[in-house]
Amino acid sequence: MQTMNGNGTLPPAIEVRGVSKSFRPEGERRGMQKRALDQVDLLMRAGELVAVVGLNGSGKSTLLRVLATLTTPDEGTVRVFGHDAVRESGRVRRLINRVSVEASFFKEMSAWENLSYAARLYGRRGADVRDTVLTVLRRLGLARDALSRPMKQLSRGQQQKVAIARSVLTTPNLLLLDEPTTGLDPRSKREVQAFIAELHSGGGVTVLLSTHDLVEAEALCGRIVVIDRGRIAADASPAELRGSGNGHAVPTLEDAFLRMTGRSFEQEAEEAGEAAGEGGGE
Amino acid sequence: MTVSALRLEATAFIGFFERQKNLYRRYWLWEVIWLLYSVVTVLSVGYLASGLSSIGALHRGEGLAEAQVYLLVGALLWQYLSLVFFETAFAIVWERWEGTIEYTFMAPVRRVTHLLGCACFALAYGLIRAAIILAAMLAAFHLDLDRADFGGAALVLGASTFPVLGLGILTSILPLLYPEKGEQMAFAVQGVLLLVSGVYYPLSVLPVWLQGLGVISPLTYVLQGIRTALLEHGSAGQLLPVAGLLTGMGAVLIPAGLVLFTLAERRAKRLGLLKRTG
């Protein structure tokens, strides 16, 4: 359902202009608002693979939710392949799919029952659904017998692979991946990363990948968007990010991130650890 | 709507129906326990009627058979109607329990397809369940159904589908807007319906202000209509006005429920309520 512009060209896959979004944090009184996105602009061409990196609570997931039509922006416009994500949300939903950090399945139902249900919601059914599922799961290194087991019996890595199969099953033009490798064992992580790369290069799917993992972002994506406190802090290639600033190149993206935002992932991990020790946590 | 769009919605409708079937199959032990609980509840109500005679509440047992049928019909219908209402209203609660709500709301499916797909499964399952409870009821009690007109009862039961679905859709808004408390609110609505709809007693025994609520509850007319059919030989022809009234209530409640649900969905997306699991 991608439609051409008046001049015969494909519209951008993602066109975000001046988008802001605030929420009232749970437990806070009325009037208290947290700004999750602050005047965000983002343009992505069809076929690109772009990473959005940022600390917890920086606005990555909110940005992906806005694109997935699950949250409406307070201000600004969001267009997906030329369709307005608020006014034409039905059209947008036909073009996208999303993998979230939690696999989100009916846990008592088998993997196949969950996938068959998801396929039906996108108008797909029959033998070719099963063929697609088996091909994707084989590619992701998941044994065939996992399909008949209840989701609750699968490991986190296996569940995430089924989640990726679910998203691919609907043949999206735009795939929104929200920390798809968080919490996976190293092998599963590599398999998922390889599949994302293959999907992008072979399938021509536009991919927006939200991740904590700067190494993953650099390995998979030619373009990285850094988001901090709801604002876009940088949008460049990994090499440009390392070399940006005062003209002094830094060795890693972590260093570049620290220089741009004044905060580091290491520091965040320590803070999260302290918060957990106090009975808090995110 | 084009033919291909209709085909997509029909495929999704089957998807929701099938999903509910799979969920119930997977949670079969829970369902067996709930069914047992329902059977025990209905039988208890039947024995309550017998007890009324034993404790002298009925003069020399007069009217026992009528009282028993009256109460048992109410108990059985309540089991059926409350299940259909509950399952329709809990279409969103299921999603919140399982954490799948964002995926369902992200799918390119009309909300009417989503809610009616879940509701139609509830109707089918409710009928099977009611048939099992009815069999247990008939085995336990010698019910005098000589004057029953089953055609009339079936007509009213069929017409009851529409307003019950409408009420269920309206109530499903609560878990959508109140992730933490919506489920309990839906239970409260169910409780009020039980109180005011004359399930176990005529509306006339209620205080006037509660009778007012009973008058606007569609369940009141379902129960009255089916009791008329089973106890007073009310034929389908005689019960046509009741069926018409119920259909009319459904014609208001279902569209109203869908419109309000759409508005509630917009609000939930504006406030970011879809991501919370409750």
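Quantities reported herein were computed from a predicted structural model and do not represent experimental measurements.

Enquirer: Quick question: what am I supposed to make of the overall build of chain A here?
Expert: Broken down by element type, chain A carries ten helices and ten strands. Burial analysis of chain A (282 residues in total) assigns 45% to the buried set. Across chain A, the fraction of contacts at a sequence separation of at least 24, relative to all contacts at a separation of at least 6, is 67%.

Enquirer: How should I be thinking about the overall build of chain B in this particular structure?
Expert: Of the regular secondary structure elements, chain B holds twelve helices and zero strands. Against the 2.2 N^0.38 benchmark of 19 Å for 278 residues, chain B shows a C-alpha radius of gyration of 20 Å, consistent with a compact globule. Dimensions along the principal axes, computed over C-alpha positions, put chain B at roughly 65 × 40 × 35 Å. Residues classed as buried in chain B amount to 44% of the 278 residues present. The long-range share in chain B, meaning contacts at least 24 apart out of those at least 6 apart in sequence, stands at 81%.

Enquirer: It is not clear to me how the environment of A:L70 should be interpreted in this structure. Could you clarify?
Expert: Mapped onto the fold, A:L70 is located in the loop between α1 (60–67) and β4 (75–80). Linking A:L70 and A:S89, residues 19 residues apart in sequence, is a C-alpha distance of 9.4 Å.

Enquirer: For this particular structure, what's the right way to read the pairing of strand β1 (residues 14–23) of chain A?
Expert: Residues and elements named next belong to chain A. Alignment of β1 against strand β2 (residues 34–44), held across seven bridges, turns out to be antiparallel. Directly across from K21, in β2, lies its bridge partner L37. In terms of strand pairing, β1 meets β4 through five bridges, oriented antiparallel. Paired with R17 across the bridge in β4 is T77.

Enquirer: Teacher, can you tell me more about the nonpolar core here?
Expert: Taken as a class, soluble globular proteins show a tendency for nonpolar side chains to be buried jointly. Counting residues in hydrophobic clusters, the biggest one holds 154 residues, and the most contacted among them are A:A51, A:L67, A:V80, B:L76, B:V156 and B:I226. Considering every element that reaches this core, the biggest residue donor is helix α3 (residues 64–89) of chain B, with 14 residues. Sequence-distant contacts of B:L76, that is, excluding residues within four places in its chain, are made with B:V42, B:A130, B:I133, B:L134 and B:M137.

Enquirer: Hey, could you run me through the interface of chain B and chain A in this one?
Expert: Size of an interface: often given as the accessible area lost when the parts come together. Tallying the contact residues gives 25 residues for chain B and 26 residues for chain A. Looking at the side of chain B that touches chain A, the elements with two or more residues in it are α1 (3–26), α5 (101–106) and α12 (240–271) of chain B. The residue inventory of the side of chain B that touches chain A, partitioned by class, reads twelve nonpolar, six polar and seven charged.

Enquirer: Explanation requested: the packing of helix α2 (residues 28–54) of chain B against α3(B) in the structure shown.
Expert: Between two packed helices, the angle of one axis relative to the other and the distance separating the axes together describe the packing. All names here are of chain B. Where α2 meets α3, the axes come as close as 9 Å, and the angle between the chain directions of the two elements is 160°. Between α2 and α3, the angle is such that the two are roughly antiparallel. Here α2 runs over α3; the crossing is right-handed. Taking contact as the criterion, the partners of S38, T41, V42, V45, G46, L48, A49, S50, L52 and S53 in α2 are, on α3, L64, A67, Q68, L71, L72, A75, L76 and Q79.

Enquirer: What is the right way to look at the environment of A:V101 in this model?
Expert: Residue and element names in this part refer to chain A. Within the fold, V101 resides in the loop between β6 (96–99) and α3 (111–121). Sequence-wise, V101 and S61 are 40 residues apart; in three dimensions their C-alpha atoms are separated by 9.4 Å. Those residues in contact with V101 that lie beyond four places of it in its chain are D178, E179 and T182.

Enquirer: What is the right way to look at the sheet that holds β1(A) in this model?
Expert: Hydrogen bonds along the backbone pair up the strands of a sheet, which may run parallel or antiparallel. Residue and element names in this part refer to chain A. Ordered by their spatial adjacency, four strands build an open sheet running β2-β1-β4-β5, and the pairing between neighbours is antiparallel. A strand with exactly one partner marks an edge of an open sheet, and here the two such strands are β2 and β5 (83–84). In this sheet, β5 lies alongside β4 in antiparallel orientation, the contact comprising two bridges. Pairing of R79 across the sheet is with D84, part of β5.

Enquirer: I'm lost on the pairing of strand β9 (residues 223–228) of chain A in this one. Help?
Expert: Each regular strand shows side chains that alternate between the opposite faces of the sheet. Residues and elements named next belong to chain A. Strand direction decides the pairing type here: strand β3 (residues 49–53) and β9, joined by four bridges, are parallel. For V53, the partnering residue across the bridge sits in β9 and is V226. Both β9 and strand β10 (residues 231–236) contribute to a ladder of five bridges, which runs antiparallel. Bridge pairing links I224 to A236 in β10.

Enquirer: Can you walk me through unusual backbone geometry in this structure?
Expert: Residue and element names in this part refer to chain A. Even without being a glycine, T171 presents a positive backbone phi close to 45°. Within the secondary structure, T171 is located in the loop between α5 (156–169) and β7 (174–178). At R229, a position not held by glycine, the phi torsion is positive, near 50°. Turning to its location among the elements, R229 is positioned in the loop between β9 and β10. C-beta crowding within 10 Å serves as the criterion here: with 16 such atoms nearby, R229 is assigned to the partly exposed category.

Enquirer: Before we go on, may I ask you to explain the sheet that holds β6(A) in this structure?
Expert: All names here are of chain A. With mixed pairing, six strands are arranged side by side in an open sheet as β6-β7-β8-β3-β9-β10. The strands lining the two open edges of the sheet, one partner per strand, are β6 and β10. The average angle at which neighbouring strand axes cross in this sheet is 15°, direction not considered.

Enquirer: Teacher, can you tell me more about the confidence of the model for chain B here?
Expert: Detailed conclusions should not be drawn from predicted coordinates in areas where pLDDT is low. All names here are of chain B. For chain B, the average pLDDT comes to 92, and 97% of its residues sit at 70 or higher. Ranking the helices and strands of chain B by mean pLDDT puts α12 first, with 96, and helix α4 (residues 91–98) last, with 89. The complex prediction reports pTM at 0.88, with the ipTM value standing at 0.88.

Enquirer: What is the right way to read α3(A) from this model?
Expert: The periodicity of an α-helix, 3.6 residues per turn, causes residues three or four positions apart to be oriented the same way. In terms of burial, α3(A) is a largely internal element, ten of the eleven residues being buried. Those residues of α3(A) that fall on the buried side of the exposure criterion are A:A111, A:E113, A:N114, A:L115, A:S116, A:Y117, A:A118, A:A119, A:R120 and A:L121. Buried residues in α3(A) make contact with α4 (127–139) and α5 of chain A together with α1 of chain B. Note on α3(A): the residue one or two positions beyond its end, A:G123, has a positive phi of about 80°.

Enquirer: Looking at this model, I keep getting lost on the packing of helix α7 (residues 150–171) of chain B against α12(B). Mind explaining?
Expert: Residues and elements named next belong to chain B. Where α7 contacts α12, the axes come no closer than 7 Å and their chain directions differ by 20°. As summarised for this structure, α7 and α12 are arranged roughly parallel, according to the angle between their axes. α7 and α12 meet at a crossing whose hand is left-handed. Counted by class, the contact of α7 with α12 contains 20 nonpolar, five polar and no charged residues.

Enquirer: Where do I start with the confidence of the model for chain A in this structure?
Expert: On average, residues of chain A score 86 in pLDDT, and 88% of them reach the 70 mark or higher. The model gives residues 275–282 of chain A a pLDDT under 50, and that stretch makes six contacts with residues more than four places away or in other chains.

About the cut-offs
Residues numbered from 1 in each chain as written. Chains lettered and ligands numbered in written order. Predicted model: local features only at pLDDT ≥ 70, side-chain atom pairs only at ≥ 80, totals over all residues. Helix = DSSP H or I, 4+ residues; strand = E, 2+ residues; numbered from the N terminus. Buried ≥ 20, exposed ≤ 12 C-beta atoms within 10 Å, placed from the backbone. Contact = placed C-beta atoms within 7 Å. Rg over C-alpha atoms; globule rule 2.2 N^0.38 Å. Pairing = 2+ DSSP bridges. Core = buried A, V, L, I, M, F, W, Y, C linked by C-beta atoms within 7 Å. Nonpolar A, V, L, I, M, F, W, Y, C, P; charged D, E, K, R; others polar. Axes fitted to C-alpha atoms, helices over the stretch in contact; angles between N-to-C directions. Parallel < 35°, antiparallel > 145°, perpendicular 65-115°, else oblique. Left-handed = near helix turned anticlockwise from the far one by under 90°. pLDDT = per-residue confidence, 0-100.

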